[in-house]
Each structure stands twice: as C-alpha cells, then as structure tokens.
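Observations on the model geometry
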Amino acid sequence: MRRLGLRLLAFAGIAVLTGCEETGAKPTTTVQASDSADQVLEGFSHYVSRDGIRRSRVEADTAFFYEGTQITQLKNVRVVFFDVRGEEGSTLTAKRGTYRWQDGSMEANDQVQVVSPDGRKLKTQAIRYDNAANTISTNVHFTFDRGSEHLEGNSFRSDPDFKNVVTDRPRGVAGDGMLLPGQEP
C-alpha cells in the first residue's frame, strides 16, 4: 500500500511539473473577436473593375471591413452595373450584402431586386455577382418581369443586363399569354 501511495505521489509530481512547462511560442499580437469590424464606414462607395474595365459601383449605407478575411459586410446595398462602353446598366438593391476584396465578387441578400434601364425587374432573396465572369446568379426562387411577361424559376444565371439568361424549371407567361416549355395548357 505504501508503494501505491509513493507511485501516486510521484505521478502527481510529474503531472504538476509537465503542466507548468511552457510548450510553445507566445502570440505576439492580440486576437480580435470575429464579430467586430476593423473599420466601419458610413456612406460607402467603391468602383469594381476587371482588366481596366469598370464593371460596377458598390454603395452601402454602412460597410463593416474585416481585414483578416478581406471581406466587407454591407447594409442597405445598391450596385450599379456598367456595360463595356462604361454606360450605366442595371441596378441591384438589397438589405444586406457581402463584398470580397480579393476578386471583386459579391453576394446580396434580403429583398434583392435588379432593375434594368428598360424596366425589366428581377426579384429574389439571394444573388451572387461573379466579377471574373461578369455574371449574376441565384440558386433560390426568383421572379422576372418585363411588361406583361412574367417568368419564375428555381435558379438562374445571367449577365447583369439580362441578355443571356439560363434558368432551371422556368414557368410563366411570355408575350400574349404563350406558355413556356414544360408548362401545362
């Protein structure tokens, strides 16, 4: 029994000594909480370009910059897209957005609406802008209206001016009440 007591005492002594041992380098900087922005700007405006061509102007009431991730969270977002001639094209509005500084891509969420200069209107809850491909897309339900034409679908991909649109499971009314492919009469 005395041997067991000595072994336990020796084990406890080793545990205390190794527990107090410094095992690594101490950090040289403090770590900031992930939910606190490095900078907060009110009245944010930023031009996005690709290969010297101005693609869009991103605006927001408030912008929260996170330097470590190179991401900016935006509130009350407005994005104006430009065509290859530099003329204003469609305009996106949303309650929230995320802008990625590395590649100029962006996501918009909550009451997203994109309106073209001729009045075409897209509505959805989430949309993504890919600056490299100059496309907008969503994988959630959307509606698209142009005059008396109405289109809905489960997802879509398009250029910002809606000239080349690809959609999944389209349904709606085109022109004078013509049914789209896949709809019942």
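Just so you know, these numbers come straight off a predicted model, no measurement behind them. (Residues numbered from 1 in each chain as written. Predicted model: local features only at pLDDT ≥ 70, side-chain atom pairs only at ≥ 80, totals over all residues. Heavy atoms only, no water.)

1. Regarding the overall build of the protein
What counts here: Here a helix means four or more residues in a row that DSSP labels H or I, a strand means two or more in a row labelled E, and each is numbered from the N terminus. Classification of residues uses two cut-offs on accessible area relative to the type maximum, computed with a 1.4 Å probe and protein chains only: under 20% is buried, over 50% is exposed, and between them is partly exposed. We call two residues in contact when some of their heavy atoms are within 4.5 Å. Shrake-Rupley sampling with a 1.4 Å probe provides the accessible areas, and residues are treated as covered by the protein chains on show and by no other component.
Looking only at helices and strands, one finds one helix and 13 strands in the protein. The buried share among the 185 residues of the protein stands at 32%. Within the protein, contacts between residues at least 6 apart in sequence are counted, and of these 32% link residues at least 24 apart. Accessible surface, the protein: about 12,100 Å² in total, of which carbon and sulfur atoms supply 52%.

2. Some remarks on the packing of aromatic side chains
For clarity, the threshold we go by: When two rings of Phe, Tyr or Trp (its six-membered ring) have centres within 6.5 Å they constitute a pair, described as stacked for plane angles under 30 degrees, edge-to-face for angles over 60, and tilted for the intermediate range.
If you walk through the whole model with that rule in mind, you get six aromatic pairs. Their ring planes at 90 degrees and their centres at 4.8 Å tell us that Tyr99 and Trp101 sit as a pair that is edge-to-face. In this structure Tyr99 comes out as buried when scored by relative accessible area, which is 3%. A centroid spacing of 5.0 Å and a plane angle of 55 degrees characterise the contact between Phe142 and Phe156, whose relative ring orientation is tilted. Of the two residues, Phe142 sits in strand β8 (residues 142–146) while Phe156 sits in strand β10 (residues 155–158), which places them 14 residues apart along the sequence.

3. Remarks on the pairing of strand β5 (residues 106–115)
Side-chain positions along a regular strand alternate between the two faces of the sheet. What counts, and what does not: Following DSSP output, two strands are said to pair if at least two bridges run between them.
In this structure, strand β4 (residues 88–100) lies alongside β5, joined through seven bridges in antiparallel fashion. Bridge pairing in β5 places Thr91 opposite Val115. The hairpin formed by β4 and β5 contains five residues between the paired strands, and Gly104 there has a positive phi angle of roughly 75 degrees. By the bridge criterion, eight bridges tie β5 to strand β6 (residues 121–130) in an arrangement that is antiparallel.

4. Digging into the nonpolar core
Soluble, globular proteins show a tendency: their nonpolar side chains are buried together. The following threshold applies: Buried Ala, Val, Leu, Ile, Met, Phe, Trp, Tyr and Cys residues that are joined via side-chain atoms within 4.5 Å together make up what is termed a nonpolar core.
Membership of the largest hydrophobic core comes to 26 residues, with the highest contact counts inside it found for Leu74, Leu92, Met106, Leu122 and Ile127. In contact with Leu92, other than residues within four places in its own chain, are Val77, Arg78, Val79, Phe81, Ala108, Val112, Gln113, Val114 and Ile127.

5. Comments concerning the side chain of Thr124
As a reminder, the rule being used: Any pair of N or O atoms that falls within 3.5 Å is considered a polar contact. Within protein, one atom must be able to donate a hydrogen and the other to accept it, and sequence-neighbouring residues count only if both atoms are side-chain atoms.
Residue placement: Thr124 occurs in strand β6. Among the polar contacts made by the side chain of Thr124, one reaches the main-chain carbonyl oxygen of His141 at a distance of 2.8 Å. Dropping the residues within four chain positions of it, Thr124 is found in contact with Gln111, Val112, Thr138, Val140, His141 and Phe142.

6. Details of the pattern of salt bridges
Going by this rule: The working definition used for a salt bridge is a side-chain nitrogen of Lys or Arg within 4 Å of a carboxyl oxygen of Asp or Glu.
Going through the model one piece at a time under the given rule, you end up with nine salt bridges. Note that Arg96 and Asp110 form a salt bridge whose closest N and O atoms lie 2.7 Å from each other. Highlighted residues: Arg96 in strand β4 and Asp110 in strand β5, separated in sequence by 14 residues. Relative accessible area serves as the criterion here: at 38%, Arg96 is assigned to the partly exposed category. With its nearest N and O atoms 2.9 Å apart, the salt bridge here joins Asp118 to Arg120. The exposure class of Arg120 is buried, given its relative accessible area of 10%. Bridged by salt links that share partners, the residues Arg57, Glu59, Arg78 and Glu88 form one connected network.

7. Quick word on unusual backbone geometry
One non-glycine residue with positive phi stands out, namely Asp110, at about 70 degrees. According to the relative accessible area criterion, Asp110 is partly exposed, its value standing at 29%. Although it is not a glycine, Gln111 sits at a positive phi angle of roughly 55 degrees. Mapping Gln111 onto the fold places it in strand β5.

8. Digging into the confidence of the model for the protein
To keep it simple, the criterion reads: The pLDDT value expresses, per residue, how confident the predictor is, ranging between 0 and 100.
For the protein, per-residue confidence averages 79 on the pLDDT scale, and 75% of positions sit at 70 or higher. The lowest-confidence element of the protein is helix α1 (residues 2–19), averaging 45 in pLDDT; the highest-confidence one is β5, averaging 95. Every residue in residues 1–20 is under pLDDT 50, and counting partners more than four places away or in other chains gives zero contacts. Taken together, the stretch residues 27–34 has pLDDT below 50 and engages in three contacts with residues farther than four places along the chain or on a different chain.

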